[in-house]
Amino acid sequence: IKNCLLKEDDSVEIKNPLSLEYQFLRTSLVCGLLKTLKYNLNRQMESISIFEVGNIYTKEEKGHKEETRFAGLMHGIAGERFWKNAEENSDFYNLKGALTHALKDFNSLKFVKVKNVPAFMHSGNSLEILLRGKSIGFMGQLNPKTSKANGFKNNNIWYFEFSLTGLIALHKKDFHLNI
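Residues numbered from 1 in each chain as written. Predicted model: local features only at pLDDT ≥ 70, side-chain atom pairs only at ≥ 80, totals over all residues. Heavy atoms only, no water.

Asks: What is the right way to read the packing of aromatic side chains from this model?
Replies: Ring pairs (aromatic) are described by centroid distance and by the angle formed between their planes. Applying the stated criterion across every chain, the model contains nine aromatic pairs. Consider the rings of F160 and F162, whose centres lie 6.0 Å apart with planes at 25°: the pair is stacked. When the ring centre of F152 is taken as origin, the NZ or CZ atom of K38, which lies over that ring, is 5.9 Å away. Just above the ring of Y39 sits the side chain of R43; from NZ or CZ to the centre is 3.6 Å. (Phe/Tyr/Trp six-rings, centres within 6.5 Å; stacked < 30°, edge-to-face > 60°. Lys NZ or Arg CZ within 6 Å of the ring centre and 35° of its normal.)

Written as structure tokens, this is what we have:
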């Protein structure tokens, strides 16, 4: 939790954890993706694009709330060559382009200046993802403190996370079941 700048106060504590490492339920998918990134970098992988679908848990007045999220990150050389015919590092525009392409079938997708960026994200280099005027997530660069706390040499790490639960709720009327 601390390596990802997440607060224990916001986390749901497990009564009988197997170890102190698993004392809290996750509030974001970022920690697991950073472990996977580190694993791959330690095996000489230079360019990494990974994603995860999983549940997060947040505290509420009476218990906790469970939500399914979709998250991913990019690090290293972008997957395709650009107009200069040279390899370039992944950046803000690669991530935004990938998300725009992935969500192209949903109307009214917008990226706006983020109001409340999570502590593990770079506040000046992040955007909020809006669908039909509702916030479903965020995207941008990791906070340099997060990168440093996890032992990464540079901060060329681009991350996104959004709510699949929220995405489905916004588009429930768009899904039709014909039997």
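Asks: Any chance you could explain the sheet that holds strand β3 (residues 109-113) here in plain terms?
Replies: Across a sheet, strands are paired by hydrogen bonds formed along the backbone, either parallel or antiparallel in direction. Here six strands make up an open sheet; going across it, the order is β1-β2-β6-β5-β4-β3 and the pairing antiparallel. Of all the strands in the sheet, just β1 (48-60) and β3 have a single pairing partner and so form its edges. Recorded for the sheet is a direction-independent mean angle of 25° between the axes of neighbouring strands. As paired strands, strand β4 (residues 121-131) and strand β5 (residues 134-142) are joined by seven bridges and run antiparallel to one another. Across the sheet, L131 pairs through a bridge with K134, a residue of β5. Along the sheet, helix α1 (residues 30-41) makes contact with β1, β2 (63-75), β5 and β6 (157-163), crossing β1 at roughly 155°. Helix α2 (residues 92-102) contacts β2, β3, β4, β5 and β6 of the sheet and is inclined by roughly 30° relative to β6. (Pairing = 2+ DSSP bridges. Helix = DSSP H or I, 4+ residues; strand = E, 2+ residues; numbered from the N terminus. Axes fitted to C-alpha atoms, helices over the stretch in contact; angles between N-to-C directions. Contact = heavy atoms within 4.5 Å.)

Asks: Help me out: how do you make sense of the pairing of β4 in this one?
Replies: Both faces of the sheet carry side chains from a regular strand, because those side chains alternate between them. Here β3 pairs with β4 via five bridges, running antiparallel. Considered in β4, the bridge of K110 is made with L130. From the end of β4 to the start of β5, which pair antiparallel, there are two residues, and R132 there has a positive phi angle of about 50°.

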